[in-house]
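Summary of the model geometry
Spelled out, the chains give:
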Protein chains: 2
Amino acid sequence: MTQSNETTSYRDIKETVLARIRSGEWQPDSLLPNEQDLAVEFSCTRTTVNRAMRELADEGFLERRRKAGTRVLSAPQRQARFTIPKVRDEVEALGGIYRYALVSSVAERAPEWLCARLALKPDQRVMHVRCMHFNGNTPFQYEDRWIVIDSVPQVVNADFASIGPNEWLIQTVPFTNVELSFLASRADDSVAAFLDLPIGEPVFTGERITWLEGEPVTFAKMYFAAGYRMTTQF
Amino acid sequence: MTQSNETTSYRDIKETVLARIRSGEWQPDSLLPNEQDLAVEFSCTRTTVNRAMRELADEGFLERRRKAGTRVLSAPQRQARFTIPKVRDEVEALGGIYRYALVSSVAERAPEWLCARLALKPDQRVMHVRCMHFNGNTPFQYEDRWIVIDSVPQVVNADFASIGPNEWLIQTVPFTNVELSFLASRADDSVAAFLDLPIGEPVFTGERITWLEGEPVTFAKMYFAAGYRMTTQF
DNA sequence: ATTTCCATTTTGTGTAGACTTTAAACTTTT
DNA sequence: AAAAGTTTAAAGTCTACACAAAATGGAAAT
């Protein structure tokens, strides 16, 4: 059969299902008709229904289990998707001019807390890079980063005066796993100085750990300037 | 033809493609073979290749355009997905015992800043609910929330002494749009008192605005206890 | 009453093929 | 050249059907 312009598409099905959930016709926890029945109702194939339902499940509205069927999630486990842009893009999206400055770049023995955090051997060496990201002349982010030399030997030759460690890493090593955290920390004297804040001021802070096939690659702390907020819509 | 146990599945294709990207075989910005050719290479149908590539594009690794083909994204626009659990679930996931306490619940005229934030008419009335969420006896989150009465008339009869406003809203009104922000704020005297912190301490703070088909429903500020961090892995 | 095992149901994924939509690339006209 | 129209390649989506895999619910065995 051919796909006429009156076909029910998987998009239509998604919308209809969502509408039924919102209207209360399909209550939370209730079991939905199976795919075959829905295919009949929407007069399309099961394949099309399957795609619609699969996507709704991916998006966190439904829960599906073989044999058990599909049910409406009671607490719509809606997930916020935060895009993690590169600082440069973030600044430029604000209409600002991105500027980068290296503060320091030293090879050193990994401090104890870092060994614990990344499961490093006691004497492993790391490259410790500190740098600033500006929006024009205004501090935007202060970055404090450690890169595991054993995992990325080329790092000893990298020129972090001309390129930020994040951009360098992205184009140099791939990664397979990331752990990303956000928290509120207080500005210690160096953070305060770099971000031009009073000491003790609240600072929105990100921490990022990156691995490549189980090998720790880098740990970064990112301190954002006053007033920063991370926002998403869905 | 039937699906033997030696079939290449869309998962295999995804893995292979990712591996090729990581190994550098397929450079950023380079154009990939078209679906038909890949189907031949993987000896499967185009349908299967399509699913693999579509998902990789959804996940932010590829960019696809009709006629133009599929290319590797240079800056893998990886998105972090934070699940936004209900406080109760979050506390229970920590192995704690969730306890809830109402602080106050008053109907009032929306303050000016809120009118601006939610695009309310000057004299619209809102229900102002303040409450605490505990992990055992330890403060976990202080919630300061406003609910637009015109959008949710039933709210005037809700008993927020026995159920938290968030749980009540979830089971009462659906929503279509959400804006969620996170920031670091400083504890003012009331936040400090509720969370048992010194005044001025950094507090990880969430703000959530919810709409139903364009109508503003609620604005919530969530102040998290000291040491809170929001984490995700991918 | 409890555990083990099995049939059955429901989703998951694949094949094969066709039509649709988009937009890049080419061609013609102005 | 620049604009407008045309061709065409690639992804997007649907049909129709088949077999696979999981897990539930009940039957059988302990």
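Quick note: structure is the one above.
Residues numbered from 1 in each chain as written. Chains lettered and ligands numbered in written order. Predicted model: local features only at pLDDT ≥ 70, side-chain atom pairs only at ≥ 80, totals over all residues. Heavy atoms only, no water.

1. With respect to the overall build of chain A
When its secondary structure is counted, chain A shows seven helices and ten strands. At 25 Å, chain A has a C-alpha radius of gyration far larger than the 17 Å of a compact globule built from 234 residues. Across the 234 residues in chain A, those meeting the buried criterion constitute 48%. For chain A, restricting intrachain contacts to residue pairs at least 6 apart in sequence, the fraction spanning at least 24 positions comes to 55%. Of the roughly 12100 Å² that chain A leaves accessible, carbon and sulfur atoms contribute 48%. (Helix = DSSP H or I, 4+ residues; strand = E, 2+ residues; numbered from the N terminus. Rg over C-alpha atoms; globule rule 2.2 N^0.38 Å. Buried < 20%, exposed > 50% of the residue type's maximum accessible area, 1.4 Å probe, protein only. Contact = heavy atoms within 4.5 Å. Areas by Shrake-Rupley, 256 points an atom, 1.4 Å probe, with all protein chains shown as cover.)

2. Quick look at the protein's contact with DNA strand C
Around DNA strand C, the surrounding shell holds 28 residues, and the nearest of these are Arg46 and Arg64 of chain A together with Ser9, Arg11 and Thr48 of chain B. Thr70 of chain A places a side-chain nitrogen or oxygen 3.4 Å from a phosphate oxygen of DNA strand C. Arg66 of chain B places a polar side-chain atom, nitrogen or oxygen, 3.3 Å from a base oxygen of DNA strand C. (Near = heavy atom within 4 Å. Polar contact = N/O pair within 3.5 Å; in protein donor to acceptor, adjacent residues only side chain to side chain.)

3. Some thoughts on the sheet that holds strand E10 (residues 229-233) of chain A
Taken together, the seven strands give an open sheet; going across it, the order is E10(A)-E7(B)-E8(B)-E9(B)-E6(B)-E5(B)-E4(B), and neighbouring strands pair in antiparallel fashion. Two strands bound the open sheet, and with one partner strand each, they are E10 of chain A together with strand E4 (98-109) of chain B. Adjacent strand axes in the sheet meet at a mean angle of 15 degrees, parallel and antiparallel pairs treated alike. Bridge count between strand E5 (residues 125-135) of chain B and strand E6 (residues 138-148) of chain B: ten bridges; the pairing is antiparallel. By the bridge assignment, His128 of chain B is partnered in E6 of chain B with Trp146 of chain B. Across the face of the sheet, helix H6 (residues 165-172) of chain B comes into contact with E4, E5, E6 and strand E9 (215-224) of chain B while running at roughly 45 degrees to E6 of chain B. (Pairing = 2+ DSSP bridges. Axes fitted to C-alpha atoms, helices over the stretch in contact; angles between N-to-C directions.)

4. Some remarks on the protein's contact with DNA strand D
Surveying the vicinity of DNA strand D reveals 28 residues, the closest of which are Ser9, Arg11 and Thr48 of chain A together with Arg46 and Arg64 of chain B. Backbone atoms, meaning sugar and phosphate, make up 71% of the atoms of DNA strand D lying within 4 Å of the protein. Thr47 of chain A is positioned with one of its side-chain polar atoms (N or O) 3.4 Å from a base nitrogen of DNA strand D. A distance of 3.5 Å is found between a base oxygen of DNA strand D and a side-chain nitrogen or oxygen belonging to Lys67 of chain A. Where the surface near DNA strand D is concerned, the elements lending two or more residues are helix H1 (10-23) and helix H3 (46-58) of chain A together with helix H3 (46-58), strand E1 (62-65) and strand E2 (69-72) of chain B. The element that contributes the greatest number of residues to the surface near DNA strand D is H3 of chain A, accounting for four residues. By residue class, the composition of the surface near DNA strand D is four nonpolar, twelve polar and twelve charged. (Nonpolar A, V, L, I, M, F, W, Y, C, P; charged D, E, K, R; others polar.)

5. Considerations on the relation of the copies chain B and chain A
For the pair chain B and chain A, the relating rotation is 180 degrees, the translation along its axis is 0.1 Å, and the fit reaches an RMSD of 0.3 Å. Taken together, the turn and the small shift mark the pair as related by a two-fold rotation axis. Both copies share a contact surface, since 98% of the interface residues of chain B are interface residues in chain A too. (Least-squares fit on C-alpha atoms with pLDDT ≥ 70 in both.)

6. Quick look at the sheet that holds strand E6 (residues 138-148) of chain A
The strand order across the open sheet built from seven strands is E4(A)-E5(A)-E6(A)-E9(A)-E8(A)-E7(A)-E10(B), with neighbouring strands paired in antiparallel fashion. Since the sheet does not close on itself, it has two edges, and those belong to strand E4 (98-109) of chain A together with strand E10 (229-233) of chain B, each with one partner. The mean angle between the axes of side-by-side strands here comes to 15 degrees, regardless of whether they run parallel or antiparallel. Taken strand by strand, helix H6 (residues 165-172) of chain A contacts E4, strand E5 (125-135), E6 and strand E9 (215-224) of chain A, and its axis lies near 45 degrees from that of E6 of chain A.

7. Section: the pairing of E10 of chain A
Residues Met230 and Thr232 of chain A line the buried face of E10 of chain A, whereas the alternating positions Arg229, Thr231 and Gln233 of chain A sit on a face that is not buried. Taken together, the five bridges between E10 of chain A and strand E7 (residues 177-186) of chain B define a ladder with antiparallel strand orientation. Paired with Gln233 of chain A across the two strands is Glu179 of chain B, which belongs to E7 of chain B.

8. Topic: the nonpolar core
When a protein is soluble and globular, its nonpolar side chains tend to lie buried together. Residues Phe160 and Phe204 of chain A together with Phe160 and Phe204 of chain B are the most contacted members of the largest nonpolar core, which totals 64 residues. Contacts of Phe160 of chain B, omitting those with residues within four sequence positions, involve Tyr100, Leu102, Ser105, Met127, Val129, Ile147, Val155, Pro165 and Trp168 of chain B. (Core = buried A, V, L, I, M, F, W, Y, C linked by side-chain atoms within 4.5 Å.)

9. Quick look at the environment of Glu41 of chain A
Assignment of secondary structure puts Glu41 of chain A in helix H2 (residues 35-41). Note on Glu41 of chain A: relative accessible area 42%, which makes it partly exposed.

10. Side note on the interface of chain B and chain A
Across the boundary between the two partners, chain B contributes 43 residues, which contact 45 residues of chain A. A per-residue breakdown of the area chain B buries against chain A is headed by Arg81, Arg229 and Phe234 of chain B, which together make up 15% of the total. Where chain B packs against chain A, one counts four salt bridges. A salt bridge links Arg229 of chain B to Glu207 of chain A; the nearest nitrogen and oxygen atoms lie 3.0 Å apart. Taken together, the elements giving at least two residues each to the side of chain B that touches chain A come down to H3, strand E3 (79-83), E7, strand E8 (202-212) and E10 of chain B. A per-class count over the side of chain B that touches chain A returns 18 nonpolar, ten polar and 15 charged. (Buried area = accessible area lost by both parts, 1.4 Å probe. Salt bridge = Lys/Arg side-chain N within 4 Å of Asp/Glu carboxyl O.)

11. A closer look at empty space enclosed by the protein
Residue and element names in this part refer to chain B. Evaluated as defined, the whole model comprises three cavities of 30 Å³ or more. Quantified by volume, the largest cavity comes out at close to 100 Å³. Forming the boundary of the largest cavity are Arg145, Asn166, Leu169, Ile170, Val173, Pro174, Phe175, Arg208, Thr210, Val217 and Thr218. The set of elements that each furnish at least two residues to the lining of the largest cavity consists of H6, E8 and E9. Per element, the largest residue contribution to the lining of the largest cavity is three residues, and it comes from H6. When the residues that make up the lining of the largest cavity are grouped by side-chain class, the tally is six nonpolar, three polar and two charged. (1 Å grid on protein atoms, 1.4 Å probe; cavity = no way out; pocket = protein on both sides within 12 Å on 5 of 7 lines; lining within 4 Å. Points joined across faces, edges and corners; volume = space filled by probe spheres on them.)

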